[in-house]
Amino acid sequence: MNSPFPENFLWGGAVAANQVEGAYLTDGKGLSTSDVQPKGIFGGVVPRKNGDSGIKDVAIDFYHRFPEDIKLFAEMGFTCLRTSIAWTRIFPEGDEQEPNEAGLAFYDRLFDEMAKYNITPLVTLSHYEMPYGLVCKHGGWGNRETIVFFERYARTVFQRYQHKVKYWLTFNEINMSLHAPLTGVGLPENSTKQAIYQAIHHQLVASAKAVKACHEIISGAKIGNMLLGGLLYPLSSKPEDVMETLQQNREWLFFGDVQVRGSYPAYMKRFFADRGIDINITAEDRAALKSTVDFISFSYYMTGCVTTDEELNRKARGNILSMVPNPHLPSSDWGWQIDPKGIRILMNELYDRYQKPLFIVENGLGAYDKPEADGSINDDYRIAYLNDHLVQVAEAIADGVDVLGYTSWGPIDLVSASKAEFSKRYGFIYVDRDDEGNGTLERRRKKSFYWYQGVIRSNGAALKKAESSAG
Ligand code: BGP
């Protein structure tokens, strides 16, 4: 097909500090909420002392090997790399007055390396981690004071990297806090909805303050929010199901509504009242929320269905978002339903709702890869998945949606977020490591590496409309 992607479309991949860097206590880094969840965000807390082992402690050793990895990304033609800064490298406990210079210096080296290849950094301030010190000593985001600590951290990195980083994101998948309170807002997993929403409120204020600070400090910067694009369909055309779907979609769109529109949407008044939730919002908070994002970024992996049928809901309970499976879609090895058309629907919905540019900052297929006898990895399933999604991104662009770029999740194999597995691979680049942490960490190009290189080189013209993994 001819390229429907704009000339300056940013192509690349996305990683997160805690899933690639390793070096979890190196150069003065403090313990993060990710470090105390060695089995992932759904694997529980293991209070740990220095030296305990967990697969993320080394991850893929990006901390030391990033020059090799950036070179491989450049070989694929990346014009953008999304990564995050580990807050604990900069403020190890979270409440210090002065930053840790060794941590700041690391990201200087990383961004300089990217600049060598003209790779634009897209940097998340907080990707599924915060200083564990803030959780233990201050009660995480439940405490209003955390806004002050976060703003100090955000201003520090904006100052330091103002000439190197122009694209920023505030909190990764900010709407996940309801499902993973420790990871999202530094609260215990059994926290009440009241406590979680108050913490979320503090985080939304902090996000807006970061937007303001970014605009003040960095000329020409663009800063976005980051939503888990959890699009839900009604399972049936019953009006009850359609209404319930509207409500459940609002539960995650609420975050975007605040971050893009600068105030709480009207529907949340009833939502909170029905649940006996009473949020303390000060006049100062309301004023702060008025600093709104420049673009909307989101992750997209799957869609789900909503029903008011109690029996079906009972059966579905237990999966991450309590979604009911869609009978029309296949699933990945991990049971995530594959829905390429869903990304086009989601993009249209978000653009209709906000009229702000979108950035797809995560999308990909977690799958088992089996190296052949000669060591090659023929991941045609991954190529099919990505191809089909990108074809739908192109359709959305043709629909009129303004899109800044696309960074696929995990361009190099990394530790999975939900359960800290290594066997769930997303990469174009294979990393020799297993779930137990064995392996040489050697990097190898998979078949998808050359495929993505061709897609980027042709600015999307090499995508195949007919190929289909699903849907
Ligand atoms: C998103 C997270 C990522 C990433 C991805 C895939 O929710 O932002 O950090 O890991 O999901 O999930 P998983 O790693 O569990 O397969």
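Residues numbered from 1 in each chain as written. Predicted model: local features only at pLDDT ≥ 70, side-chain atom pairs only at ≥ 80, totals over all residues. Heavy atoms only, no water.

The name given to the protein in an unreviewed UniProt entry is 6-phospho-beta-glucosidase, and the organism recorded there is Rouxiella chamberiensis. Its UniProt record gives the protein a comment under Sequence similarities (unreviewed entry), which states: "Belongs to the glycosyl hydrolase 1 family." (UniProt positions renumbered as here; feature names shortened; annotations may be inferred.)

Caption draft 1: Quick peek at the side chain of serine 423. As for its position among the elements, serine 423 is in the loop between strand 10 (403–409) and strand 11 (429–431). Among residues more than four places away in sequence, those in contact with serine 423 are Trp334, Ala367, Tyr368 and Asp435. (Helix = DSSP H or I, 4+ residues; strand = E, 2+ residues; numbered from the N terminus. Contact = heavy atoms within 4.5 Å.)

Caption draft 2: Spatial organisation of the site of the ligand. Taken together, 14 residues lie near the ligand, and Glu173, Ala417, Ser418, Lys424 and Tyr426 sit nearest. Glutamine 19 has a polar side-chain atom sitting 2.7 Å from an oxygen atom of the ligand. Within the side chain of histidine 127, a nitrogen or oxygen atom sits 2.8 Å from an oxygen atom of the ligand. When the free accessible area of the ligand is taken as 380 Å², the share hidden by the protein chains comes to 95%. Given that more than half its atoms are within 2 Å of the pocket grid, the ligand belongs to the largest cavity. Of the residues that constitute the shell around the ligand, the class distribution is 6 nonpolar, 5 polar and 3 charged. (Near = heavy atom within 4 Å. Polar contact = N/O pair within 3.5 Å; in protein donor to acceptor, adjacent residues only side chain to side chain. Areas by Shrake-Rupley, 256 points an atom, 1.4 Å probe, with all protein chains shown as cover. 1 Å grid on protein atoms, 1.4 Å probe; cavity = no way out; pocket = protein on both sides within 12 Å on 5 of 7 lines; lining within 4 Å. Sits in = over half its atoms within 2 Å of the grid points. Nonpolar A, V, L, I, M, F, W, Y, C, P; charged D, E, K, R; others polar.)

Caption draft 3: Local environment of the sheet that holds strand 2 (residues 80–84). Strand order in the closed barrel made by the 8 strands is 1-2-3-4-5-7-9-10, with parallel pairing throughout. Sheet twist, expressed as the mean angle between neighbouring strand axes with direction ignored, is 25°. Two elements, strand 4 (residues 167–171) and strand 5 (residues 222–228), share 3 bridges in a ladder whose sense is parallel. Opposite tyrosine 167, over in strand 5, you have lysine 222 as the bridge partner. Of the strands in this sheet, strand 3 (120–126), strand 4 and strand 5 are in contact with helix 8 (residues 193–217), which crosses strand 4 at around 160°. (Pairing = 2+ DSSP bridges. Axes fitted to C-alpha atoms, helices over the stretch in contact; angles between N-to-C directions.)

Caption draft 4: Examining the packing of helix 2 (residues 62–76) against helix 4 (residues 101–116) more closely. Where helix 2 meets helix 4, the closest approach of the two axes is 10 Å, and the angle between their N-to-C directions is 10°. One element, helix 2, and the other, helix 4, form an angle in the roughly parallel class. Contact with helix 2, carried on its side by Phe62, Tyr63, Phe66, Pro67 and Ile70, involves Phe106, Arg109, Leu110, Glu113 and Met114 of helix 4 and no other residues of that element. By residue class, the composition of the contact of helix 2 with helix 4 is 8 nonpolar, no polar and 2 charged. (Parallel < 35°, antiparallel > 145°, perpendicular 65-115°, else oblique.)

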